[in-house]
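# Coordinate inspection notes
Residue strings, one per chain:
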Amino acid sequence: MPPAPPPSRPPLNRDRVLEAAIRVADRGGAEAITMRRVAQELGVEAMSLYHHVPNKDAILDGVVDAVFTAIELPDAGCHDWRDAIRARACSARTVLSQHSWALGLMDSRRNPGPATLRHHDAVLGILREAGFTLPMAAHAVSLVDSYIGGYVLQESNLPVTTPGDVGEVAGTILEHLPTDELPYLTEMIVDHALQPGYDHTSEFGFGLDLILDALEARRG
């Protein structure tokens, strides 16, 4: 009986190219995205990619748009603008935590794709319909997005990934800490970070609520 033929490879298309580019970036950062490496990820020759994307810039534009596609659009039917922006911010944090390399690309592209444009329009729409003036809407977008990006960047570089890691890291620091010389830092570690139930990831929501409450105070 002749051996079964190898499974056929799905046909190459733009979506598959972008998915491969995202996998490459997830492993090596945005700088790892090259036509050669994306082709290797797909198991094809680099020249094959040019039938679907004209150049590397088109891939970078495409992966940014794919990231925006994954971020939840704010619900235009939501009665409280803060709830809508909060849900969108939490979704953005989740997506960007998985693809933190995108932070350096999202505001740098000169040819934003349809998902990117639709996303920005939806966020602005929530704010304008809630009564924000145009300048205040611009301030709000800049502030919220800067907070999300900064938090994700900081979080991606922390030596902890789960609440359980905090005890180990904090305990190690405490072992070598001159507690008499640094009483307030000692207090923060002992009476806060090492307390049962402490979850460093909850800081995102606390800071976001402060920003939204401040924006509400200036909405009119």
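Everything that follows concerns the structure shown earlier in this document.
What comes next is a walk through the structure. (Residues numbered from 1 in each chain as written. Predicted model: local features only at pLDDT ≥ 70, side-chain atom pairs only at ≥ 80, totals over all residues. Heavy atoms only, no water.)

The number of helices and strands found in the protein is ten helices and zero strands. For the protein, the sequential pattern of α-helices and β-strands runs α-α-α-α-α-α-α-α-α-α. In summary, the protein has a C-alpha radius of gyration of 22 Å against a globular reference of 17 Å for 220 residues, an excess of more than 25%. With respect to the principal axes defined by its C-alpha atoms, the protein has extents near 75 × 50 × 35 Å. Burial analysis of the protein (220 residues in total) assigns 36% to the buried set. Once local pairs closer than 6 in sequence are excluded, the contacts in the protein between residues at least 24 apart make up 69%. (Helix = DSSP H or I, 4+ residues; strand = E, 2+ residues; numbered from the N terminus. Rg over C-alpha atoms; globule rule 2.2 N^0.38 Å. Buried < 20%, exposed > 50% of the residue type's maximum accessible area, 1.4 Å probe, protein only. Contact = heavy atoms within 4.5 Å.)

Moving on: the packing of aromatic side chains. Any two aromatic rings considered together are summarised by their centre-to-centre distance and by the angle between their planes. Per the counting criterion, the structure on display carries four aromatic pairs. Summarising the aromatic geometry, the rings of tryptophan 81 and phenylalanine 132 are spaced 4.9 Å apart at their centres and angled 85° between planes, so their arrangement reads as edge-to-face. A residue pair is termed long-range when its members are at least 10 positions apart, and tryptophan 81 in helix 5 (residues 81-98) and phenylalanine 132 in the loop between helix 6 (114-129) and helix 7 (134-157) qualify at 51 residues. Phenylalanine 132 matches tryptophan 81 in its accessibility class, with the two residues each being buried. (Phe/Tyr/Trp six-rings, centres within 6.5 Å; stacked < 30°, edge-to-face > 60°.)

Take a nonpolar patch on the surface next. Taken together, the side chains of Leu182, Leu185 and Met188 define a hydrophobic patch exposed on the protein surface, amounting to about 260 Å² of accessible area. As for its placement among the helices and strands, leucine 185 is situated in helix 9 (residues 183-193). Since its relative accessible area comes to 42%, leucine 185 is described here as partly exposed. (Patch = residues over 30% accessible without salt bridge, like charges linked within 9 Å, V, L, I, M, F, W, Y side chains within 5 Å. Areas by Shrake-Rupley, 256 points an atom, 1.4 Å probe, with all protein chains shown as cover. Salt bridge = Lys/Arg side-chain N within 4 Å of Asp/Glu carboxyl O.)

Now for the packing of helix 6 against helix 7. Two numbers describe a pair of packed helices, the interaxial angle and the distance between the axes. For the pair helix 6 and helix 7, interaxial distance at closest approach is 10 Å and the crossing angle is 130°. Classified by the interaxial angle, the pair formed by helix 6 and helix 7 is oblique. In terms of crossing hand, the pair formed by helix 6 and helix 7 is right-handed. Contacts between helix 6 and helix 7 involve Val123, Leu124, Leu127 and Arg128 from the first element and Leu134, Ala137, Ala140 and Val141 from the second. A class-by-class count of the residues in the contact of helix 6 with helix 7 yields seven nonpolar, no polar and one charged. (Axes fitted to C-alpha atoms, helices over the stretch in contact; angles between N-to-C directions. Parallel < 35°, antiparallel > 145°, perpendicular 65-115°, else oblique. Left-handed = near helix turned anticlockwise from the far one by under 90°. Nonpolar A, V, L, I, M, F, W, Y, C, P; charged D, E, K, R; others polar.)

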